[in-house]
Structure formats: structure tokens, C-alpha cells
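One-letter residues, chain by chain:
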Amino acid sequence: MRIRRRRVNGSRQRDRRRRGARALALLGGVLALVLFGGVGGASAHAALTSTDPQDGTVLKSAPRQVTLTFSESIGLLDDSFRVLTPENRRVHTGEPSHADGRSDTARVTLPRGLGTGTFTVAWRVVSADSHPVSGAFTFSIGKPSPTAAPLPPTGGDPASAALYDIARYAAYGGLALLIGAAAFVLACGFPGSVRRLLVTGWWTLLGSTLALLLLRGPYERGTGPGEVFDPAILRDTLTSRPGIVLVARLALLAAAAFLPLRASAGDRETGRGVLVLGGLFSLGLAVTWAASEHASAGIQVPVAMVSSVLHLLAMAVWLGGLTALLTALYRPAELIPPAVVTRFSRLALTSVAVLAATGVYQSWRGLGSWDALTSTSYGRLLVVKLGAVALLLVGAAYSRRWTARLAVTAALEASETSVAVPAERVAVAVTAGAPTDKDTGAASTAAGDTDTDTAIGSGGGQEDAAERASEDGRADGRQEAGGDGPTGAAHHRGLRRSVLAEVTVGILVLVITTMLTGTQPGRAATETAAAVAAADRPTSSTTVVPFDVGTPGGHGKVQVELSPGRVGENSVQAVIIGPDGGLATVPELRLTFTLESQKVGPIDAEVTDKGGYWTSDGLTLPLPGTWTMKVTVRTTDIDQITVSKKVKID
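For every chain, the first residue of the written sequence is number 1, and numbering continues from 1 along that sequence. The model is predicted, so local features are restricted to residues of pLDDT at least 70 and side-chain atom pairs to those at 80 or more, both for listing and for counting; the totals for chains, interfaces and linings are taken over all residues. Hydrogens and waters are ignored; side-chain quantities use all the structure's heavy atoms.

Colleague: Can you walk me through the overall build of the protein chain in this structure?
Modeller: Strands here mean DSSP runs of E at least two residues long; helices mean DSSP runs of H or I at least four residues long; both are numbered from the N terminus. Per the secondary structure count, the protein chain includes 15 helices and 18 strands. For the protein chain, the proportion of its 650 residues judged to be buried stands at 47%. A fraction of 72% describes how many contacts in the protein chain between residues 6 or more apart in sequence connect residues 24 or more apart. For the protein chain, the accessible area works out to roughly 31,000 Å², and carbon and sulfur atoms hold 58% of it. The rule is simple: take the accessible area with a 1.4 Å probe, protein chains only, and divide by the maximum for that residue type; under 20% is buried, over 50% is exposed, in between is partly exposed. We call two residues contacting when some pair of their heavy atoms lies within 4.5 Å. Surface accessibility in these figures is a Shrake-Rupley result with a 1.4 Å probe; residues are shielded only by whichever protein chains are displayed.

Dropping the structure here:
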């Protein structure tokens with residue numbers, strides 16, 4: 001009989017090894033697909049830096065194309081451009097494309113015969129970090145229209161965006177529950193069952209990932225949720241990088257459904273294999289997030305990817321493990337051993353250290369400056385998250401105090417107890433990563449004849465074999481768990497309260513984290529604001545300087561135009577306006593510029609007469625500030641005057 005059992009156990013071990021090899025091969029393929037799927041350097045959330053034609057410009061003739069330039073690589077949609085006439089009719093344009101093969105541009109050709117008036121351009125693209133970006137601007141041909149088409153909404157369909165956000169929240173929660181509960185069993189050696197948590201996490205993550213895959217197309221295009229099953233949209237989603245990442249996540253979840261959570265008692269090799277496979281699958285799931293969020297675009301992409309993966313894993317182990325610990329603490333029939341709580345306390349402390357290190361780096365990378373901490377939505381959300389994390393750390397400190405008291409109480413009660421628990425009533429369930437006791441060899445041998453191998457995807461209503469085997473030993477084992485006496489029970493209640501507070505605040509942290517992943521980082525927001533300010537900045541400045549030389553007809557005005565009116569090289573154009581309001585000519589005109597605060601100048605503009613107007617293309621103003629422009633006008637051989645005027649140079 002024993003030989004037969006050994007053969008059966010050996011056959012089962014070989015089957016597990018083969019399943020493990022297949023799982024590793026699948027995981028390697030998925031990771032290669034995700035990691036080498038074309039992640040490039042960019043600035044998370046594309047910022048529009050320029051448009052051609054420029055916003056609000058009036059053109060003499062109709063342009064042949066519209067070109068947008070962004071701060072990073074962008075993806076185009078079939079409906080990336082909508083051009084509307086002054087009568088709010090859509091113009092039939094060409095297919096959107098990248099200008100001159102540059103991935104940071106978007107271009108669409110316009111038909112001939114557009115007519116005159118104010119035209120509206122609404123655009124929508126997908127930034128390198130998979131978030132859609134949209135906007136609108138206007139330009140006029142000939143002259144502005146008395147009325148123009150209203151600017152269309154650029155935020156997309158609110159129902160699709162809301163459903164997509166809900167699915168993202170659920171995906172984060174499912175990931176934390178799945179990885180955290182698995183870590184609580186495999187790494188902390190919890191002898192009980194948290195099957196319901198694992199199954200809930202697995203199904204939540206699976207369902208939310210499927211929802212994200214279906215909603216991705218309408219979310220990108222800004223259309224309603226009624227198009228989730230459109231074959232063309234689904235095909236485009238499956239061939240895009242976000243779609244490939246979501247499919248990879250589904251493949252990992254399908255493989256994880258067959259991952260055993262518990263080895264046969266005494267089978268250390270299989271236990272280590274389960275622990276390694278669980279770690280690899282967790283790593284693969286975290287990579288699917290990093291490859292489709294802010295880490296996949298911006299500065300230092302490889303470092304950011306590693307940091308994001310570690311941050312996500314540490315968050316899942318901590319918050320998901322806290323949920324598993326809270327569930328175990330609220331089971332009156334199964335008191336959790338103090339050793340398990342101590343192991344999780346150490347694991348949580350390591351997770352907090354990883355969260356702190358990676359969080360500091362990601363905050364610096366996302367913000368870019370201290371000003372962005374208060375001037376951008378990303379920075380303000382980050383401040384709220386830091387406050388919530390501080391509360392979470394306070395709760396963790398209290399939990400560690402209760403854990404230490406529980407361990408001390410268990411040790412004291414064990415030393416004072418003179419009645420030993422009968423060996424035949426001790427339940428043995430060896431979990432991956434859990435320490436084994438050499439003194440319980442007989443019990444281990446007996447338990448080793450029972451296979452307790454289970455998988456995540458199996459029915460959640462069945463109990464673990466190890467949990468059934470330990471049912472008889474719970475009553476006699478409570479004394480060793482340190483919770484039978486009044487002091488131990490009080491410590492258990494205190495630990496339950498502190499862990500419940502941690503889980504509550506942890507859910508808030510998880511919600512804020514999900515909001516951060518969908519918010520434009522402070523660095524990109526600053527770039528966007530700078531680009532908008534540059535686009536709105538006047539392309540020239542005009543100054544009018546009155547003069548009067550004191551002779552009949554010797555008065556008028558000098559109109560001086562500086563282009564672009566900023567630091568660097570400028571062109572100067574000046575005209576003389578006579579007493580009658582018309583253009584006048586003078587023998588000589590001279591312009592000089594002085595920055596008195598920096599003792600720079602005078603710099604002669606060296607304007608020359610071009611027959612009715614004076615011009616120069618070689619004026620260089622090296623510093624910003626308020627310059628003094630001196631205008632010298634000579635009306636006759638002996639009559640001239642010099643007038644000063646302040647000019648601001650940015």
C-alpha cells in the first residue's frame with residue numbers, strides 16, 4: 001500500500017512539475033510580449049505644443065492641411081480630426097496621418113474651396129501612456145465670421161469614461177486582493193483557508209480586465225458604451241498596445257487559475273515551486289499595469305517601469321495581506337497563530353519601505369517641480385495621498401504593537417502550560433514558505449498521504465483539505481495560538497480594530513492611487529500650460545510714440561512694431577503718421593534700446609528707410625525686462641526731437 005501511495009505521489013509531483021514548466025513558458029512569453037512591445041521615451045500625457053494654422057489666426061487663403069505638434073509620441077484614431085464650417089457642417093477631410101513620419105505630430109488634408117469665415121478644428125489622439133487627449137481651436141479664412149460653429153465637447157462620452165474608471169478601480173482592488181491573500185498564505189504560512197478572498201480577487205480582476213478590453217475602444221474615441229461590441233473597434237483595440245497588454249493580463253489570469261495554493265504536507269520541493277510560480281505570476285500581472293500607465297512614457301522609462309512594478313507589488317502585498325489578516329482575525333473558530341501575524345508584520349514593514357522608496361521616485365518623476373505640488377491636480381491629489389498614507393502608517397504602528405504583545409503573551413502562556421496537546425490531534429498543513437517542525441514527523445507522514453493541492457480557479461464553496469484536517473485540532477490548539485486566555489483575547493481584539501482601521505484607510509489610498517494614474521502628471525501639466533501660454537502669447541508688440549518738434553506741421557506719431565517682442569533676435573518695423581493721420585516721410589529716424597536696471601545699451605536698431613516705412617531685421621535684445629526705447633525723429637535739416645517710451649520684453 002505504501003509503495004503504491006509513493007507511486008501515486010510521485011506521479012502527481014511529475015504532473016505538477018510539467019504544469020509549472022508550462023506556466024513558466026507562458027509567463028516568459030507574456031512578459032516578453034509586454035516588455036518589448038514598443039515602449040518609448042516620452043512625456044506622460046501628450047501636451048499640444050503648436051498648431052498650424054495657429055489658433056485664432058486669420059489667413060488670406062485657405063490652408064491645404066492642418067498639422068498638430070505634441071510633446072510626445074501619439075497614436076491616431078480614425079476620427080482624430082473633425083473640421084467644421086462656419087455653418088457647423090462637417091468638412092470632408094483626408095485620412096489622419098503623422099507629418100513627415102514624425103510620431104509626435106498629427107496631420108489631415110483639407111479639400112479645396114473651403115470658402116471664407118471661421119472654421120473649427122476638434123481633435124482627439126491617444127498619448128503614449130494610453131490616455132486619450134483632445135481639444136479644439138479655430139482659424140479664419142479671409143475674415144472672421146459674424147458667427148462660428150460652437151466648439152464641440154472634447155471630453156468624450158461621460159458614460160464610457162465613468163464605466164472605464166469603475167473597471168480600473170475594480171481591477172486595482174482585485175489585484176490587491178489576489179496577490180495579498182496569496183502572499184498571506186504562501187509567504188506567511190497561514191495554515192487556514194482564504195479561498196474566498198482569492199477567488200473573489202481572481203474573478204474581480206478577470207471581470208474588470210474583460211470590461212476594460214471591451215470599453216477601451218469607446219473610451220479612446222469618446223463614443224458611447226453602445227459600441228463596445230463593434231467588430232471594427234474591437235479589432236483596433238486588440239491590435240493596439242493597451243489591448244495587447246490587457247490580453248496578456250487575461251492570459252496570466254487563465255494560467256494562474258491552475259496554480260496550486262497548497263502543497264502536500266511534507267513536500268517541500270513542490271512548496272518552493274508554488275512560491276516561485278506565485279511570485280512570477282504576481283510580477284507578470286504588475287508588469288501589465290506598468291506597461292500601460294504613466295511609467296511607460298516620460299523620462300527614464302526603464303527605471304520608471306521597475307519602480308512602478310515594485311510599487312504595485314508592495315501595495316498589493318500590504319493592502320491585500322491586511323484584508324486577509326482581517327478576515328482571519330474575525331474567524332472565531334480559527335484563531336490565527338501569533339507566528340503568522342509576526343511574519344506578516346515583517347513582510348508589511350518591507351512593503352512599506354519599498355512603497356516609500358518607489359513613491360519618492362515616482363513623485364519626483366511625475367511632478368517635475370515643487371510648484372506643481374500645489375498648482376496641478378496631480379500634485380494636489382498626491383498631497384491627499386501622502387496624508388492618507390501617513391494615517392495608514394499610524395495604524396500600522398499600532399498593529400505592530402498589538403502583534404508584539406500577542407507574541408509575548410503566546411510565549412508566556414506556552415511556558416506556563418504544562419499540558420501538551422496530543423500529537424494525534426495536531427493538524428498539519430505545510431504551506432509554501434511556512435516553517436516545518438521536525439518533531440511532528442509522525443503527524444506529517446500521516447498528513448502526507450492526503451493530497452491538499454488546490455487551485456485558485458476551482459469552486460470557492462469547497463473547503464481546503466488541510467482546513468478539514470485541522471478541524472479536530474482547533475479547540476486544543478487555541479492555547480498555543482495565544483488567544484485562549486483573557487489577555488490573548490484582548491490582544492486579538494485590539495489587533496482586529498487596528499487592522500480594520502488600516503484596511504479602511506488602505507481602500508482610500510487605493511482609490512486615490514487609481515485617480516492618480518488617470519490624472520495628467522504635474523510635469524506634463526506644466527508643459528501643457530507653457531505650450532498654451534506660448535500659443536496665446538502675442539507674436540508682436542506695437543508701441544505708439546507721439547512727437548512734436550515745435551514747428552508748424554512738425555508733430556505726429558511713430559508707430560513701432562517689434563516681432564516677436566521677446567528676448568533674442570527681433571525685427572523692427574516703424575511708420576511715421578503725420579498730423580492729418582496719414583503716412584508721412586522724414587529725413588531720418590533712429591531707434592535705440594536701453595535696459596537701465598542691468599546697464600545694457602543703448603543698442604541701435606539701425607533701421608533703414610524702405611520708401612514709406614523703416615525696418616530692421618538685426619535687433620538683438622539679450623535680457624528680459626522693461627527696456628527704454630528712445631525714438632529720434634528729424635523732420636528738417638535742423639529740426640529733430642528724441643522721445644522715450646518703456647517697452648516690456650519677455
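Back to the write-up after that little detour.
Colleague: What exactly am I supposed to notice about helix H2 (residues 158–186) here?
Modeller: The periodicity of an α-helix, 3.6 residues per turn, causes residues three or four places apart in sequence to face the same way. Taking 1.5 Å of rise per residue, 29 residues should cover 42 Å, and H2 covers 42 Å from first to last C-alpha, within 8% of that figure. Distance and chemistry together define a polar contact, namely a pair of N or O atoms within 3.5 Å, with one atom able to donate a hydrogen and the other to accept it when in protein, and with adjacent residues in sequence counting only for side-chain atoms on both sides. Looking at where H2 begins, the residue whose side-chain oxygen comes 3.0 Å from the main-chain nitrogen of Ala159 is Asp157. In this analysis, the expected span of each helix is defined as 1.5 Å times one less than the number of residues it contains.

Colleague: For this particular structure, what's the right way to read the nonpolar core?
Modeller: Across soluble globular proteins, you tend to see nonpolar side chains buried next to one another. The nonpolar core is taken to be a set of buried Ala, Val, Leu, Ile, Met, Phe, Trp, Tyr and Cys residues, with the residues joined through side-chain atoms within 4.5 Å. Counting 87 residues, the largest nonpolar core has Phe184 and Ile336 as its most contacted members. Of the residues forming this core, the biggest block, 17 residues, is contributed by helix H7 (residues 301–329). Counting 25 residues, the second largest nonpolar core, distinct from the first, contains Phe547, Val572, Leu619 and Met629.

Colleague: It is not clear to me how the sheet that holds strand S13 (residues 588–595) should be interpreted in this structure. Could you clarify?
Modeller: The strands making up a sheet associate through hydrogen bonds between their backbones, and the pairing can be parallel or antiparallel. When DSSP locates at least two bridges between a pair of strands, those strands are taken to pair. Ordered by their spatial adjacency, four strands build an open sheet running S14-S13-S17-S18, and the pairing between neighbours is antiparallel. Each edge of the sheet is formed by a strand with only one pairing partner; in this case those strands are strand S14 (600–604) and strand S18 (640–649). Mean inter-strand twist for the sheet, computed between neighbouring axes without regard to direction, equals 20°. Of the pairings in the sheet, the one linking S13 to strand S17 (residues 625–634) comprises seven bridges and is antiparallel in character. Among the inter-strand pairings, Leu589 is bridged to a residue of S17, identified as Val633. Structural elements are reduced to axes, namely lines fitted to C-alpha atoms, with helices fitted over the stretch in contact, and the angle between N-to-C directions of any two is expressed from 0 to 180 degrees.

Colleague: Just to check I follow, could you spell out the packing of aromatic side chains for this structure?
Modeller: A pair of Phe, Tyr and Trp rings is counted when the ring centres sit within 6.5 Å of each other, with Trp represented by its six-membered ring. The angle between the planes then sorts it: under 30 degrees is stacked, over 60 is edge-to-face, the rest tilted. This structure, assessed with the given rule, holds six aromatic pairs. Aromatic side chains Phe70 and Trp123 sit 5.3 Å apart centroid to centroid with 70° between the ring planes, which places their arrangement in the edge-to-face category. On the criterion of sequence distance, the pair formed by Phe70 in strand S3 (residues 65–70) and Trp123 in strand S7 (residues 117–127) is long-range, its members being 53 residues apart. Residue class for Trp123 comes out buried when judged on its relative accessible area of 7%. With a centroid separation of 4.9 Å and an interplanar angle of 85°, the aromatic rings of Trp202 and Trp203 are classed as edge-to-face. For Trp202, a relative accessible area of 8% translates into the label buried. Whether a charge sits over a ring comes down to the Lys NZ or Arg CZ being within 6 Å of the ring centre and within 35 degrees of the ring normal. Note that Arg249 overlies the ring of Trp289, its terminal NZ or CZ placed 3.7 Å from the centroid.

Colleague: It is not clear to me how helix H5 (residues 241–256) should be interpreted in this structure. Could you clarify?
Modeller: Taking 1.5 Å as the rise per residue, H5 with 16 residues should run 22 Å; its terminal C-alpha atoms sit 23 Å apart, in good agreement. Buried within H5 are the following residues: Pro242, Gly243, Val245, Leu246, Ala248, Arg249, Leu250, Leu252, Leu253, Ala255 and Ala256.

Colleague: When you look at the sheet that holds S3 in this model, what are you seeing that I'm missing?
Modeller: The strand order across the open sheet formed by three strands is S1-S3-S6, and the pairing between neighbours is antiparallel. One side of each edge strand has no neighbouring strand; the edge strands of this open sheet are strand S1 (48–52) and strand S6 (105–109). Between one strand axis and the next, the sheet turns through 10° on average, direction left out of account. The pairing of S1 with S3 spans four bridges and is classified as antiparallel. Residue pairing across strands places Thr51 opposite Leu68, the latter belonging to S3.

Colleague: Mind showing me how you'd approach unusual backbone geometry here?
Modeller: Omega for the peptide link from Asp52 to Pro53 comes to 10°, which places this bond in the cis form. Along the chain, Pro53 turns up in the loop between S1 and strand S2 (58–59). With an omega of 5°, the peptide bond running from Gly601 to Pro602 counts as cis. Mapping Pro602 onto the fold places it in strand S14. Unlike most non-glycine residues, Glu606 shows phi in positive territory, near 55°.

Colleague: When you look at the pattern of salt bridges in this model, what are you seeing that I'm missing?
Modeller: Close approach of charged atoms lets side chains of opposite charge pair. Each reported salt bridge corresponds to a side-chain nitrogen of Lys or Arg within 4 Å of a carboxyl oxygen of Asp or Glu. A full pass over the atoms with the stated rule returns ten salt bridges. Between Arg216 and Glu220 there is a salt bridge; the shortest N-O distance is 3.0 Å. Taken as a pair, Arg216 and Glu220 lie in helix H3 (residues 195–221) at a separation of four residues, close to a single helical turn. On the basis of relative accessible area, Arg216 is assigned to the buried category, the value being 2%. Residue Asp236 is joined to Arg221 by a salt bridge in which the shortest nitrogen-to-oxygen separation is 3.1 Å. Placement of the pair is Asp236 in helix H4 (residues 231–239) and Arg221 in helix H3, with a sequence separation of 15 residues. Residue Asp236 is classed as partly exposed on the basis of its relative accessible area, which comes to 30%. A network of salt bridges, in which partner residues are shared, links Arg216, Glu220, Arg221 and Asp236.

Colleague: Help me understand the confidence of the model for the protein chain, please; the structure alone is not making it clear to me.
Modeller: On average, residues of the protein chain score 74 in pLDDT, and 73% of them are at 70 or above. Model confidence for the protein chain, summarised as mean pLDDT per element, is weakest for helix H11 (residues 441–448) at 34 and strongest for S6 at 92. For every residue, the predictor reports its confidence as pLDDT, a number between 0 and 100. In the model, residues 16–44 has pLDDT below 50 throughout and makes 62 contacts with residues more than four positions away in sequence or in other chains.

Colleague: I keep staring at a nonpolar patch on the surface and nothing clicks. Help me out?
Modeller: Taken together, the side chains of Tyr169, Ile507, Val511 and Met515 make up a nonpolar region of the molecular surface, amounting to roughly 310 Å² of accessible area. No other element matches the three residues that helix H14 (residues 486–517) contributes to the nonpolar patch. For Val511, the position within the fold is in helix H14. Two joining distances apply to patches: 9 Å for like charges and 5 Å for nonpolar side chains (Val, Leu, Ile, Met, Phe, Trp, Tyr), and every residue must have over 30% relative accessible area and no salt bridge.

Colleague: Whenever I open this one, the pairing of S7 confuses me. Can you help?
Modeller: Two faces belong to every sheet, and in a regular strand the side chains alternate between them. Burial within S7 is extensive, with eleven of its eleven residues counted as buried. Sheet analysis places strand S4 (residues 74–75) next to S7, joined by two bridges and oriented antiparallel. If you follow Gly75 over to S7, its bridge partner there is Val126. As paired elements, strand S5 (residues 81–84) and S7 share four bridges and run antiparallel to each other. Within S7, the residue paired with Arg82 across the bridge is Ala122. Two elements, S7 and strand S8 (residues 132–141), share ten bridges in a ladder whose sense is antiparallel. When the sheet's bridge partners are listed, Gly117 is paired in S8 with Ile141.

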